[in-house]
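Breakdown of the fold
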Amino acid sequence: MQEADLQFLEGSFKKYYFNHFDLIKVPERTSEREFGYQKFNSGMTRHIPIKDDKELHLMLIQNIPSDVYCSNAYYTFPNLPMNEKDWKEADLIFDIDAKDLNLPCREGHTVSICNECNEVSKTLTQCLKCNSSKLEKKSLPCKNCIGASKIEVKKLSEVLIHDLAIAKENIQVFFSGNEGFHVYVYNSQFQEIGSRERSELTDYISLRGAIPETFGIRKLKQDRAALPNFDDRGWRGRFSKYVFGSKSKRSKIVTELLSNGYSSFQKTLDDVSENIGVKIDPNVTMDIHRIFRLPGSINSKSGLTKIQCDDLENFDPYTEASFLSDDAVEVIANCPIEFKLKNKKFGPYLNEKITVPTFAAVYMICKKLARIA
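It should be emphasised that the depicted structure is a prediction, and the values quoted were computed from it without experimental measurement. (Residues numbered from 1 in each chain as written. Predicted model: local features only at pLDDT ≥ 70, side-chain atom pairs only at ≥ 80, totals over all residues. Heavy atoms only, no water.)

**Considerations on the sheet that holds strand β7 (residues 110–114)**
With antiparallel pairing, the 3 strands of this open sheet are ordered in space as β8-β7-β9. The open sheet has two free edges, formed respectively by β8 (120–121) and β9 (135–139), since each of these has just one partner strand. Note that β7 and β9 share 5 bridges and pair antiparallel. Looking at the pairing, Ser112 lines up with Lys137 of β9. (Pairing = 2+ DSSP bridges. Helix = DSSP H or I, 4+ residues; strand = E, 2+ residues; numbered from the N terminus.)

So, in structure tokens, the structure goes:
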């Protein structure tokens, strides 16, 4: 990244943290958490203890980070190396990202940037200019991506509330600032479980590794009554709704499932898992020492803010998570995909000098699709 771009981003981020500190969600039990940050074009700094809002504000203004993080874990000594921190417990956090949903729209709003010559194109395998295969992919998520991610959030919330007995008021949803959502679970009965148990929890939530026996199918001595019913709780009930469709069709489909045998049912179960299992990143949830993007901070992949979603259904990240200024700035943009921010359309731009609001310039520069003129 060129020096002019770095200075522009740092100035824009500094202005944000000075004017919008009220948006930053300082977590409860602040002094027990580990904080960290990353600066533009430099590595991660972590194991930072923060006592209160004042210390956090000072850290942001003094360092102008590109990204700010906070642990979901609680420690006795958050400032010490990991093996000396004395881990107590950790909130559950789930990551739902549009890039993991295999959506057909993604190809239409993803570009490749050649690491050899910086050529930007819509081809995803080889640079058209220098034939290099060293390409970096950048996506400008669309409304369909956000909508599909919301569906996964709703599915996750249903499992958490109805299957795992987590109180609705202990669940908070945040737009990640780029391509999806983070779902936080506080004060649950799972606070003190370790990585292995959290991994098993993600298996259940995503319906990964499900076996036929759980759904009433055995290799020998089949029993029709053992198969799921519509009134069953949890995944058995969801299986019924997805596979049978209606109560009137259950008997016929059960006969087919039994006649096709155990192996065929496993394939059916794999299909069910792929279609109705919640698509979460298991590595995020099972990591009890990870530091997560701090709510209210800017995501350097987009210039958008990680913000809480009180009304998920109507939430629009491209208006509600864009807080940078409207000040005009001149950039050279090479962004072949149209995007929309703050109800304004931008692009496509084909290596041309343009004047756009700061929030749009930051978005494109963060995506490596523009530079300061």
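**Some remarks on the environment of Leu201**
Here Leu201 lies in helix α4 (residues 195–206). Dropping the residues within four chain positions of it, Leu201 is found in contact with Leu92, Leu164, Phe190 and Ile193. (Contact = heavy atoms within 4.5 Å.)

**Considering the domain arrangement of the protein chain**
Domains assigned within the protein chain are domain 1 (23–98 + 142–203 + 281–323) and domain 2 (209–276). Listed as interface residues are 5 residues of domain 1 and, on the opposing side, 6 residues of domain 2. With both chains or domains summed, domain 1 and domain 2 bury close to 400 Å², and 29% of this area falls on carbon and sulfur atoms. Considering only the surface of domain 1 that becomes buried against domain 2, Lys155, Val159 and Asp163 emerge as the three largest contributors, covering 68% of it. Along the contact surface separating domain 1 from domain 2 lie 2 salt bridges. On the surface where domain 1 and domain 2 come into contact, there are 3 residue pairs in polar contact (both at pLDDT 80 or more). The residue inventory of the side of domain 1 that touches domain 2, partitioned by class, reads 1 nonpolar, 1 polar and 3 charged. (Domains from an automatic or database assignment. Buried area = accessible area lost by both parts, 1.4 Å probe. Salt bridge = Lys/Arg side-chain N within 4 Å of Asp/Glu carboxyl O. Polar contact = N/O pair within 3.5 Å; in protein donor to acceptor, adjacent residues only side chain to side chain. Nonpolar A, V, L, I, M, F, W, Y, C, P; charged D, E, K, R; others polar.)

**Considerations on helix α1 (residues 3–19)**
If you check α1, its first and last C-alpha atoms are 24 Å apart, about what 17 residues at 1.5 Å a residue would give, namely 24 Å. Residues of α1 that are buried: Asp5, Leu6, Phe8, Leu9, Ser12, Phe13, Tyr16 and Tyr17. Viewed end-on, α1 has its buried residues packed into an arc of 165°, placing them on one side of the element. (Expected span 1.5 Å × (residues − 1). Buried < 20%, exposed > 50% of the residue type's maximum accessible area, 1.4 Å probe, protein only. Arc of directions from axis to C-beta.)

**A word on the side chain of Asp67**
Its place among the elements puts Asp67 in strand β3 (residues 67–71). At a separation of 2.5 Å, a polar atom in the side chain of Asp67 contacts the side chain of Arg293.

**Section: the sheet that holds strand β1 (residues 34–38)**
For sheets, the rule is that strands pair by backbone hydrogen bonds, running either parallel or antiparallel. Here 4 strands make up an open sheet; going across it, the order is β2-β1-β3-β12 and the pairing antiparallel. Pairing within the sheet leaves two strands with one partner each, and these edge strands are β2 (44–49) and β12 (291–293). Neighbour to neighbour, the strand axes of the sheet diverge by 30° on average, direction disregarded. Across 3 bridges, β3 lies against β12 in antiparallel orientation. Paired with Tyr69 across the bridge in β12 is Arg293. (Axes fitted to C-alpha atoms, helices over the stretch in contact; angles between N-to-C directions.)

**Description of the pattern of salt bridges**
Evaluated as defined, the whole model comprises 22 salt bridges. Residues Arg29 and Glu89 are paired through a salt bridge, measuring 3.6 Å at the closest nitrogen-oxygen approach. Taken together, the positions of Arg29 in the loop between α1 and β1 and Glu89 in strand β5 (residues 87–90) put the pair 60 residues apart, joining distant regions of the chain. What makes Arg29 partly exposed here is its relative accessible area of 34%.

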